Structures are given as structure tokens and as C-alpha cells.
Amino acid sequence: MIELQLPHQAPIRFAKYIVSKDDTTAVVKVKFETIPTLPMIVESAAQSSAAFSDGKNKNGFLVTLKNIKLLEKLNHLEYDIKVSLEYEFEGFSYFNFEINSERGLLSSGKFMISIG
């Protein structure tokens, strides 16, 4: 696993390690100090998009959210979140995310990051 390099500090640094990654999809280990709420899930997805960083010190800003769903209350402190790069255009990156368990989909949504 590769540790993610983020400017975030505890208690709001959730994305920890890249579990796997290819050109368009990354699976990132996220860890929480308390049972995560939907805003914490969204922030962890945004942080997980750093797996697609080119290694240069750029800041990403969460710009928009769409179709954010919490289908089942989360009851663990650690999850693997799958983040897929949908497309990039002029400094904006569009992503999908999902958290699954053995019972199925727990949370999903779309978000956009602006790279500054």
C-alpha cells in the first residue's frame, strides 16, 4: 500500500493508503476516529481522489456534489472507498465514488475537484 500525501491533519484526514490503482480507478483505505457521517464520507472520497495526483504539490478543491447517497448507516471505522475518474477538463476532474460491503452498496455519489 502507498501512503497518500495530503495537507489534511487529524481529525479530518481520512484517506490513508492507496490499496490499488489503475488509469481510471483507485481503491483507497479510509479510517475514521468515530462512526462516519455522510459529510465525512464525502470528504474521504474527495481526499481519495489524490490517488490520481501527478505528484506535484497542487491543491484540490471540492467544487460540486451530485447524487450523494447513504444507503445504509455505516458502523465501522475503516472502509475501502473506490474512486473512479470519469473525465478531466481544463483543471476540473469529475469522479464517482462508492463504498461497498459484503451486503452490497453502502454509499455512492459523484463529485468534482478543481485543481489550483
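Above this text sits the structure in question.
Residues numbered from 1 in each chain as written. Predicted model: local features only at pLDDT ≥ 70, side-chain atom pairs only at ≥ 80, totals over all residues. Heavy atoms only, no water.

Student: Can you break down the overall build of the protein residue by residue, with the values?
Tutor: Regarding its fold elements, the protein presents one helix and seven strands. When its helices and strands are written in sequence order, the protein yields β-β-β-α-β-β-β-β. In terms of principal-axis extent, the alpha carbons of the protein reach across some 35 × 25 × 25 Å. Counting only residues that meet the buried cut, the protein has 36% of its 116 residues in that class. (Helix = DSSP H or I, 4+ residues; strand = E, 2+ residues; numbered from the N terminus. Buried < 20%, exposed > 50% of the residue type's maximum accessible area, 1.4 Å probe, protein only.)

Student: How would you sum up the packing of aromatic side chains? Please name residues and give values.
Tutor: Scanning the model with the defined rule gives five aromatic pairs in all. Where Phe14 meets Phe32, the ring centres are 4.9 Å apart and the plane angle is 40°; that geometry is what we call tilted. Pair noted here: Phe14 is in the loop between strand E1 (2-3) and strand E2 (15-21) and Phe32 is in the loop between strand E3 (25-31) and helix H1 (38-48), with a separation of 18 residues, a long-range link. Just as Phe14 is buried, Phe32 falls in that class too. (Phe/Tyr/Trp six-rings, centres within 6.5 Å; stacked < 30°, edge-to-face > 60°.)

Student: Please set out the sheet that holds strand E4 (residues 60-70) residue by residue, giving values where relevant.
Tutor: Taken in spatial order, the seven strands line up as E1-E2-E3-E5-E6-E7-E4 in an open sheet, and their pairing is antiparallel. Edge positions in the open sheet fall to E1 and E4, since each of these has one partner strand only. Sitting on the sheet, H1 is in contact with E2, E3, E4, strand E5 (78-89), strand E6 (92-101) and strand E7 (104-115), with an inclination near 130° to E4. (Pairing = 2+ DSSP bridges. Contact = heavy atoms within 4.5 Å. Axes fitted to C-alpha atoms, helices over the stretch in contact; angles between N-to-C directions.)

Student: Before we move on, could you go through the nonpolar core and cite the residues and values that matter?
Tutor: Proteins that are soluble and globular tend to have nonpolar side chains buried together. Within the largest apolar cluster, 26 residues are counted, with the highest numbers of intra-cluster contacts made by Val28, Ile81 and Phe111. Elements supplying a minimum of two residues to this core: E2, E3, H1, E5, E6 and E7. (Core = buried A, V, L, I, M, F, W, Y, C linked by side-chain atoms within 4.5 Å.)

Student: Lay out unusual backbone geometry with the relevant residues and their values.
Tutor: In this structure, the amide linkage connecting Ala10 to the following residue, Pro11, adopts the cis form with an omega of 10°. Among the secondary structure elements, Pro11 is positioned in the loop between E1 and E2. Notably, Asn67 is not glycine yet its phi reads approximately 55°, a positive angle. Within the secondary structure, Asn67 is located in strand E4. Taking relative accessible area as the criterion, Asn67 reaches 45% and is therefore assigned partly exposed.

Student: Describe the layout of surface pockets, listing the residues and the values that go with them.
Tutor: Here the largest pocket defines a volume of roughly 850 Å³. Lining the largest pocket we find 32 residues, and of these Ala50, Ser53, Lys58, Gly60 and Ile115 sit closest to its centre. Of all the secondary-structure elements, those providing two or more residues to the lining of the largest pocket are H1, E4, E5, E6 and E7. (1 Å grid on protein atoms, 1.4 Å probe; cavity = no way out; pocket = protein on both sides within 12 Å on 5 of 7 lines; lining within 4 Å. Points joined across faces, edges and corners; volume = space filled by probe spheres on them.)

Geometric values such as these leave the question of function open.
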